[in-house]
Amino acid sequence: MTPINKEALSRARQTIKRHFGEDISDLPQEIRNTLANIYYEFSYLKISHEGGHAPDAILMADDFEQGLKKFSEDSAFLRSAVDALPTIISEMRKLVSAGNRKGYDFLVRLFLDTFKLRIPDVDKKSMLRLTFERPFYSSKVKEIPDLWKLI
């Protein structure tokens, strides 16, 4: 496993605090870890770009085009996630405040399917189909375990 980049971790920590406040302990641990991983990946990507380094997705790919495609997809996912997550977490917190447990549980599941498992087209699939797809995508999750504890 690659050692954690301290600068990327620091930037991720700052951005998480700016987007979600000082304390994210009100969120489930799985969501905290996914948030930490997304913000860490995004920060690491920005640092690599600023330093003029070739992204890992390109360097580790078997061919340049495949690596470039993977890099483009990852970059787009991370950018859109960082843009959308403050609103999503805010809505989760509002549901808890309103006592809407059913809505909150649904949003947590949607969050995990979209941002942790990264199942494509979640909004176009039935809950039954997602139930069958989750084990397949679970095996592909590449999060750093317990990263949220460092944030």
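The preceding data block contains the structure.
It should be emphasised that the depicted structure is a prediction, and the values quoted were computed from it without experimental measurement.

J.: Account for a nonpolar patch on the surface, naming residues and giving values.
T.: Together, F106, L110 and M127 line one region of the surface with nonpolar side chains, adding up to about 260 Å² of accessible area. Counting through the fold element by element, F106 comes out in helix α5 (residues 101-116). The class of F106 is partly exposed, set by a relative accessible area of 47%.

J.: Provide a residue-level description of the packing of aromatic side chains, including the pertinent values.
T.: On inspection of all chains with the given rule, the structure shows five aromatic pairs. With centroids separated by 6.3 Å and ring planes inclined at 25 degrees, the aromatic side chains of Y40 and Y44 adopt a geometry described as stacked. Here the residue Y40 and the residue Y44 both occupy positions in helix α2 (residues 29-50), the gap between them amounting to four residues, near one helical turn. On the accessibility criterion, Y40 (8% relative accessible area) is buried.

J.: Got a sec to walk through the pattern of salt bridges? Specific residues and values, please.
T.: Enumeration according to the criterion identifies 15 salt bridges in this entry. Its salt-bridge partner being D113, residue R134 comes within 2.8 Å of it at the nearest N-O pair. Remark: D113 occurs in helix α5 and R134 occurs in helix α6 (residues 127-138); sequence separation between them is 21 residues. Summarising the burial analysis for this pair, R134 and D113 share the class buried. Here the salt bridges do not stand alone but share partners, grouping E30, K116 and E143 into one network.

J.: Tell me what's going on with the side chain of T34, and back it up with residues and numbers.
T.: Examined against the element boundaries, T34 turns out to sit in helix α2. Non-local contacts of T34, meaning those with residues more than four positions away in its chain, are made with F111, F115, K116 and E143.

J.: Outline α6, listing residues and values.
T.: For α6, with twelve residues, the first-to-last C-alpha span of 16 Å sits near the 16 Å given by 1.5 Å per residue. Those residues of α6 that fall on the buried side of the exposure criterion are L130, E133, R134 and Y137. The buried residues of α6 occupy an angular sector of 130 degrees when the element is viewed end-on, so they sit on one face. Exposed and facing more than 90 degrees away from the buried side of α6 are L128, F132 and P135. Buried residues in α6 make contact with α5.

J.: So, the side chain of N33: which residues are in play, and what are the values?
T.: Along the chain, N33 falls in helix α2. With residues near it in sequence (within four places) discarded, N33 still touches E143, I144, P145, D146, L147 and W148.

J.: Can you break down the nonpolar core residue by residue, with the values?
T.: Within the largest apolar cluster, 31 residues are counted, with the highest numbers of intra-cluster contacts made by I31, L35, I38, Y39, L85 and F111. At the level of secondary structure, the elements contributing two or more residues to this core comprise α1 (6-20), α2, α4 (64-97) and α5. Per-element accounting of this core gives the leading share, eight residues, to α2. Core analysis: the next-biggest nonpolar cluster, separate from the first, contains five residues, L117, I119, L130 and Y137 among them.

Cut-offs applied
- Residues numbered from 1 in each chain as written.
- Predicted model: local features only at pLDDT ≥ 70, side-chain atom pairs only at ≥ 80, totals over all residues.
- Heavy atoms only, no water.
- Patch = residues over 30% accessible without salt bridge, like charges linked within 9 Å, V, L, I, M, F, W, Y side chains within 5 Å.
- Areas by Shrake-Rupley, 256 points an atom, 1.4 Å probe, with all protein chains shown as cover.
- Salt bridge = Lys/Arg side-chain N within 4 Å of Asp/Glu carboxyl O.
- Helix = DSSP H or I, 4+ residues; strand = E, 2+ residues; numbered from the N terminus.
- Buried < 20%, exposed > 50% of the residue type's maximum accessible area, 1.4 Å probe, protein only.
- Phe/Tyr/Trp six-rings, centres within 6.5 Å; stacked < 30°, edge-to-face > 60°.
- Contact = heavy atoms within 4.5 Å.
- Expected span 1.5 Å × (residues − 1).
- Arc of directions from axis to C-beta.
- Core = buried A, V, L, I, M, F, W, Y, C linked by side-chain atoms within 4.5 Å.

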